[in-house]
Protein chains: 2
Amino acid sequence: MSLRVSMSYVDDQKFKITNQTENQLLVDMYSKEKKEHLSPMELLLSALTTCAAVEIVSMIKKRKRNFINIKAETTGLRVENPPKFFKSINVKYLIYSSDLTEKEAERYISLSLEKYCSVGSTINQKTAINHSFEIVR
Amino acid sequence: MSLRVSMSYVDDQKFKITNQTENQLLVDMYSKEKKEHLSPMELLLSALTTCAAVEIVSMIKKRKRNFINIKAETTGLRVENPPKFFKSINVKYLIYSSDLTEKEAERYISLSLEKYCSVGSTINQKTAINHSFEIVR
């Protein structure tokens, strides 16, 4: 089961990615003032957060709980020295629901991040994946 | 040293990411026919490929070698069963240069993927990262 992307060069710090269905993505490593797109390490945080979010929403709906909205804030903590990998990532989900219980939210989030999400499962040997959440009524 | 992104909900299989410099990214998990953006696992391949590409270009230029272009094809092989993490990723770089030697290319690519790139260093405990290359004159 394989997945493929192609990369082309835009400039020394900007690249274009195309996937197998011809969808595109620009990535840059510009400094703050000049930045236009996400950087590689931001893509990694994005991949983890969205990968688990899909599973969380699916579980809430399967259990017939009310679902209004979901948001997240994800923070990655890097080691000080190069290659500065993520030693930990904390994902905080805000779930808007009238009847989801704390216990259910905890269970769905931890199952998604730790068990079902392919991205989490790829990085979890090197990176501690932590989570927290808030249910908004 | 921390990095942060925020996620908001578009629909059950589509999310928007915003980084700290307000750059945005859409991610979807739609099936082929409907797909508009990259999926989380494609983001991971993109992150690895571009992260190392920046380093490779920088090394070629520092050593005053001719540099015309760089492209890449990246294939991730997933395990069969959920959570289907990447057991290996192969990145093939095409480097367009009139004077870069095979030995230099091999060295710059392996150093980038295995030593300098933060993404590679985050995933390399679970995922074997392989590479190949071609120099185009």
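Predicted model only: the values in this text are computed from it and were never measured. (Residues numbered from 1 in each chain as written. Chains lettered and ligands numbered in written order. Predicted model: local features only at pLDDT ≥ 70, side-chain atom pairs only at ≥ 80, totals over all residues.)

**Side note on the overall build of chain A**
Here is step 1 of the chain: Regarding its fold elements, chain A presents three helices and six strands.
Here is step 2 of the chain: Written out in order from the N terminus, the α and β elements of chain A read β-β-β-α-β-β-α-α-β.
Here is step 3 of the chain: With respect to the principal axes defined by its C-alpha atoms, chain A has extents near 50 × 40 × 35 Å.
Here is step 4 of the chain: Per-residue burial over chain A gives 45% buried out of 137 residues.
Here is step 5 of the chain: Restricting the contact set of chain A to residue pairs at least 6 apart, pairs at least 24 apart contribute 51%. (Helix = DSSP H or I, 4+ residues; strand = E, 2+ residues; numbered from the N terminus. Buried ≥ 20, exposed ≤ 12 C-beta atoms within 10 Å, placed from the backbone. Contact = placed C-beta atoms within 7 Å.)

**Considerations on the sheet that holds strand β3 (residues 24–28) of chain B**
Here is step 1 of the chain: Sheet architecture is open: six strands sit in the order β6(A)-β5(A)-β4(A)-β1(B)-β2(B)-β3(B), paired in mixed fashion. Strands at the two margins of the open sheet, each flanked by one partner only, are β6 (128–136) of chain A together with β3 of chain B. Pairs of neighbouring strands in the sheet enclose a mean axial angle of 20°, with direction left out of account.
Here is step 2 of the chain: Note that strand β4 (residues 69–78) of chain A and strand β5 (residues 86–96) of chain A share 10 bridges and pair antiparallel. (Pairing = 2+ DSSP bridges. Axes fitted to C-alpha atoms, helices over the stretch in contact; angles between N-to-C directions.)

**Comments concerning the packing of helix α1 (residues 40–62) of chain A against helix α1 (residues 40–62) of chain B**
Here is step 1 of the chain: Running from N to C, α1 of chain A and α1 of chain B point in directions that differ by 170°, and their axes come no closer than 8 Å. Classed by the angle they form, the pair α1 of chain A and α1 of chain B counts as roughly antiparallel. The handedness of the crossing between α1 of chain A and α1 of chain B is left-handed. Where α1 of chain A approaches α1 of chain B, its residues Pro40, Leu43, Leu44, Ser46, Ala47, Thr50 and Cys51 of chain A are matched on the opposing element by Pro40, Leu43, Leu44, Ser46, Ala47, Thr50 and Cys51 of chain B.
Here is step 2 of the chain: Here the contact of α1 of chain A with α1 of chain B is built from residues that sort into 10 nonpolar, four polar and no charged. (Parallel < 35°, antiparallel > 145°, perpendicular 65-115°, else oblique. Left-handed = near helix turned anticlockwise from the far one by under 90°. Nonpolar A, V, L, I, M, F, W, Y, C, P; charged D, E, K, R; others polar.)

**Looking at unusual backbone geometry**
Here is step 1 of the chain: With an omega dihedral of 5°, the bond running from proline 82 of chain A to proline 83 of chain A counts as a cis peptide bond.
Here is step 2 of the chain: Counting through the fold element by element, proline 83 of chain A comes out in the loop between β4 and β5.
Here is step 3 of the chain: Of note, the phi angle at lysine 64 of chain A is positive, near 60°, even though the residue is not glycine.
Here is step 4 of the chain: Examined against the element boundaries, lysine 64 of chain A turns out to sit in the loop between α1 and β4.
Here is step 5 of the chain: The phi torsion at glutamate 22 of chain B lies on the positive side, around 65°, for a residue other than glycine.
Here is step 6 of the chain: If you trace the backbone, glutamate 22 of chain B turns up in the loop between β2 (14–19) and β3.

**Here's the deal with the interface of chain B and chain A**
Here is step 1 of the chain: Between chain B and chain A, the contact holds 65 residues from the first and 65 residues from the second.
Here is step 2 of the chain: Elements supplying a minimum of two residues to the side of chain B that touches chain A: β1 (2–11), β2, β3, α1, β4 (69–78), α2 (102–116) and α3 (118–123) of chain B.
Here is step 3 of the chain: No other element matches α1 of chain B, which puts 14 residues into the side of chain B that touches chain A.
Here is step 4 of the chain: When grouped by side-chain class, the residues that make up the side of chain B that touches chain A number 32 nonpolar, 20 polar and 13 charged.

**Remarks on the environment of glutamate 55 of chain B**
Residues and elements named next belong to chain B.
Here is step 1 of the chain: Following the sequence through the fold, glutamate 55 ends up in helix α1.
Here is step 2 of the chain: For the pair glutamate 55 and tyrosine 108, spaced 53 residues apart in sequence, the C-alpha to C-alpha distance is 8.0 Å.
Here is step 3 of the chain: Not counting the four nearest positions on each side in its chain, glutamate 55 is found in contact with Ser112, Tyr116 and Cys117.

**So, the relation of the copies chain B and chain A**
These two copies of the chain differ by a rotation about an axis and a displacement along the same axis.
Here is step 1 of the chain: Of the transformation placing chain B onto chain A, the axial shift is 0.0 Å and the rotation is 180°, giving an RMSD of 0.0 Å. Such a combination of rotation and displacement between the chain copies is what one expects of a two-fold axis. Relative to the rotation axis, the C-alpha of isoleucine 123 of chain B is the closest in chain B, positioned 2.4 Å from it.
Here is step 2 of the chain: Most of the interface of chain B is mirrored in chain A, where 100% of its interface residues again form contacts. (Least-squares fit on C-alpha atoms with pLDDT ≥ 70 in both.)

**Section: the sheet that holds β4 of chain B**
Here is step 1 of the chain: Pairing is mixed in the open sheet, where six strands are placed in the order β3(A)-β2(A)-β1(A)-β4(B)-β5(B)-β6(B). Single-partner strands in this sheet number two, and they are β3 (24–28) of chain A together with β6 (128–136) of chain B. The sheet shows a mean angle of 20° between the axes of neighbouring strands, taken without regard to direction.
Here is step 2 of the chain: Relative to β6 of chain B, strand β5 (residues 86–96) of chain B is paired through nine bridges, and the arrangement is parallel.

**Re the nonpolar core**
Here is step 1 of the chain: Core analysis: the biggest nonpolar cluster contains 81 residues, and Leu48 of chain A together with Leu48 of chain B have the highest contact counts within it.
Here is step 2 of the chain: Ignoring sequence-local partners within four residues, the contact set of leucine 48 of chain A consists of Thr74, Ile89, Val91, Cys117, Val119 and Gly120 of chain A. (Core = buried A, V, L, I, M, F, W, Y, C linked by C-beta atoms within 7 Å.)

**With respect to the packing of α1 of chain A against helix α2 (residues 102–116) of chain A**
Residues and elements named next belong to chain A.
Here is step 1 of the chain: The geometry of α1 relative to α2 is characterised by a closest axis approach of 9 Å and an angle of 135° between their N-to-C directions. Considered as vectors, α1 and α2 are oriented oblique to each other. As α1 packs across α2, the resulting crossing turns out to be right-handed. Each of Ala52, Glu55, Ile56, Met59 and Ile60 in α1 lies in contact with α2, whose residues at this interface are Tyr108, Ile109, Ser112, Leu113 and Tyr116.
Here is step 2 of the chain: Tallied by class, residues from the contact of α1 with α2 come to eight nonpolar, one polar and one charged.

Honestly, it's all geometry; don't read function into it.
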